[in-house]
Amino acid sequence: MSKLVKSIREAVILSGLKDGMTVSFHHHLRNGDFVLNMVMAEIAELGIKDLTVNASSLFDIHAPLLNHIENKVVTGLSADYISAGLGRAISQGIMDKPVQFRTHGGRPKDIATGKTPIDVAFIAAPASDAMGNCSGKYGPSACGSLGYAYADAMYAKKVVVITDNLVSYPLQDWSISESYVDYVVTVDAIGDPKGIVSGTTRITRDPVGLIMASHAAKVIETSGLLKDGFSFQTGAGGASLAAAKFLKEIMLQKGIQGSFGLGGITGYMVDMLQAGCFRNLLDVQCFDLTAVESLRNDPRHQEISAMHYAAPGSRSAVVDSLDVVILGATEIDTGFNVNVHTDSNGVIMGGSGGHSDTAAGAKLSMIIAPMFRARMPIVTDRVTCISTPGKDIDVLVTQGGIAVNPARVELRESLVAAGLPIVDIHELKEKTERITGKPKRIPHGDKVVAEVIGREGNLQDQIFSIL
């Protein structure tokens, strides 16, 4: 028996895909992914229309989707993150129906419960056998963890694995089992593995970023959470990685070994594992090729699904055991609500991803952001879009001082006692505006172009068209 079919087109036909259905994709090849574009081109040529695309994230490489939207091949979009290239067109109102944004935890929860059913899931697999056992750890297009594809494979009505590296049966050390797979297709290339690198996975050398990073590490040290068994997640931005560097130095100096590092894993987190700062890494996606190699070769570096990572509908999720998370922001308001979906002008250029999942789960959730970018203040009276509610954010670290959520009275007292530069967030806003001037609120259109679905399934906010 073999599940091999000759082409993507044949797999689409055999899957029974029809007008009005939903197809899904995962994003582990990030801006190097070829699969979504190949599949959607075949679907368009077959004349299938009115589809919803449910993708864990969408990047600029997926710009051909805009043609499929204009031609009504695609009439619905659901994603956890959408990059600026697609986001600007969506913000201009290209779609009749609003995009639905979910979190990295909310997406698998809604797939599993049937709230967002998938008719056909397409899995980009860097290695697969003829029965569909597949992995992201091996092959010329290796991307590492396939954590965001698990729910798609487990709950879709039909599952198609697309690979450029067909191996003998059975593939050893598979991620997704053949028991979920209907068809397997081989192609010349599923993507460019260099494209998985986010472009920001380097420690900042900017003096402002280093000041913020140093303060962030001291906040963690003072919080009382930095002790044996400590758990930690940070992003791939330069200041966040610098904070991890300072934290590593403190951990090594004090002989502290944490339990696990979590999330999208970078080479710097691998360095911390190898230095003994953590016993394990729990990896839902790899941000660079060093992380891919580590996941392939080091048993302490473990692949987890998005459900295991962050889904509120699970019996448990790792974010609920997380001590500290460092996150970014495009805006934060005086109520500590955070925006990572749009820029200050309201143009879609991101998404929550795991932002609100980890902020809700962690004992200490910290935002690192400069006081302003391009003369636009970060702190505002009301963010353009609420990506993460203020109740889940504890600390904002900027070069102009550290603001603590008023609900965290004891933490604020500890940080003041440690001599850290603590400021009220309203004072920080005024201090910034003395430098930048008070910005005018950018007007928006009346059309709702996106709905932000909170991790618990609530309608958290709406994003309006730009003028």
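Throughout what follows, the structure given in this document is the object of discussion. Quick caveat: nothing in here was measured; it's all calculated off a predicted structure.

This part takes up the overall build of the protein. If you tally the helices and strands in the protein, you get 14 helices and 25 strands. In terms of C-alpha radius of gyration, the protein reaches 22 Å, essentially the compact-globule figure of 23 Å for 467 residues. The C-alpha extent of the protein, read off along each of the three principal axes, is 70 × 55 × 40 Å. Going through the 467 residues of the protein one by one, you find that 61% of them count as buried. For the protein, contacts bridging at least 24 residues in sequence account for 72% of all contacts bridging at least 6. Element-wise, carbon and sulfur atoms account for 51% of the exposed surface of the protein, whose accessible area totals about 17,700 Å². With 43 positive and 49 negative side-chain charges, the protein shows a spacing of 3 Å between the two charge centroids.

Moving on to the packing of helix α1 (residues 8–15) against helix α2 (residues 35–45). Packing of α1 against α2 brings their axes to within 9 Å, and their N-to-C directions diverge by 65°. Handedness of the crossing formed by α1 with α2: right-handed. Of the residues in α2, those touching α1 at I8, R9 and V12 are M38, V39, E42, I43 and E45. Here the residues of the contact of α1 with α2 sort into five nonpolar, no polar and three charged.

This part is about the packing of helix α8 (residues 238–254) against helix α9 (residues 267–274). The contact between α8 and α9 brings their axes to 10 Å, and the two run at 5°. Classified by the interaxial angle, the pair formed by α8 and α9 is roughly parallel. Contacts between α8 and α9 involve L241, A244, K245, K248 and M251 from the first element and Y268, D271 and M272 from the second. The residue makeup of the contact of α8 with α9, split by class, is five nonpolar, no polar and three charged.

For side chains bearing opposite charge, pairing can occur when the charged atoms are close. Per the stated rule, a full pass over the model turns up 20 salt bridges. A salt bridge links R102 to D110, with the shortest nitrogen-to-oxygen separation between them at 2.6 Å. We note that R102, like D110, is buried. Via salt bridges that share partners, D381, K429, E433 and K438 belong to a single interconnected network.

The residue L65 is located in helix α3 (residues 65–70) in this model. Given the relative accessible area of 1%, L65 is considered buried. For the pair L65 and V53, spaced 12 residues apart in the sequence, the C-alpha separation amounts to 9.5 Å. Among all residues touching L65, those that are not within four sequence positions of it are L36, M40, V53, L58, V74, L77 and L86.

The subject of this paragraph is the packing of aromatic side chains. Applying the stated criterion to the full structure yields five aromatic pairs. Measuring from centroid to centroid gives 6.5 Å for F232 and F278, while their planes differ by 5°, and the two rings are stacked. Within this pair, whereas F232 is found in strand β11 (residues 231–234), its partner F278 is found in strand β13 (residues 278–286), the two being separated by 46 residues in sequence. Judged by its relative accessible area of 0%, F232 falls in the buried class.

At 3.6 residues per turn, the α-helix brings residues three or four places apart onto the same side. Most of helix α5 (residues 106–113) is tucked away: six of the eight residues are buried. G106, R107, P108, K109, D110 and I111 are the residues of α5 that are buried. On its buried side, α5 packs onto β2 (22–25), β3 (51–55), α6 (150–155), α11 (306–310) and α12 (355–361). Of the residues flanking the end of α5, it is G114, one or two places downstream, whose phi is positive at about 85°.

It is worth spelling out the sheet that holds strand β5 (residues 99–101) at this point. Spatial ordering of the open sheet is given by β1-β10-β9-β6-β2-β3-β4-β5-β24-β25, a layout of 10 strands whose pairing is mixed. Sheet topology places β1 (4–5) and β25 (459–466) at the edges, where each strand pairs with a single neighbour. Here strand β9 (residues 158–163) runs beside strand β10 (residues 183–186); their pairing, made up of four bridges, is parallel. Paired with V161 across the strands is V184, a residue of β10.

Here we take up α8. Look at α8: 25 Å from first C-alpha to last across 17 residues, which is about the 24 Å you get at 1.5 Å a residue. All buried positions along α8 are accounted for by G238, A239, S240, L241, A242, A243, A244, L247, K248, I250 and M251. Note on α8: the residue one or two positions beyond its end, G255, has a positive phi of about 65°.

Criteria and thresholds
- Residues numbered from 1 in each chain as written.
- Predicted model: local features only at pLDDT ≥ 70, side-chain atom pairs only at ≥ 80, totals over all residues.
- Heavy atoms only, no water.
- Helix = DSSP H or I, 4+ residues; strand = E, 2+ residues; numbered from the N terminus.
- Rg over C-alpha atoms; globule rule 2.2 N^0.38 Å.
- Buried < 20%, exposed > 50% of the residue type's maximum accessible area, 1.4 Å probe, protein only.
- Contact = heavy atoms within 4.5 Å.
- Areas by Shrake-Rupley, 256 points an atom, 1.4 Å probe, with all protein chains shown as cover.
- Lys, Arg positive; Asp, Glu negative; His and termini not counted.
- Charge placed at Lys NZ, Arg CZ, Asp CG, Glu CD.
- Axes fitted to C-alpha atoms, helices over the stretch in contact; angles between N-to-C directions.
- Left-handed = near helix turned anticlockwise from the far one by under 90°.
- Nonpolar A, V, L, I, M, F, W, Y, C, P; charged D, E, K, R; others polar.
- Parallel < 35°, antiparallel > 145°, perpendicular 65-115°, else oblique.
- Salt bridge = Lys/Arg side-chain N within 4 Å of Asp/Glu carboxyl O.
- Phe/Tyr/Trp six-rings, centres within 6.5 Å; stacked < 30°, edge-to-face > 60°.
- Pairing = 2+ DSSP bridges.
- Expected span 1.5 Å × (residues − 1).

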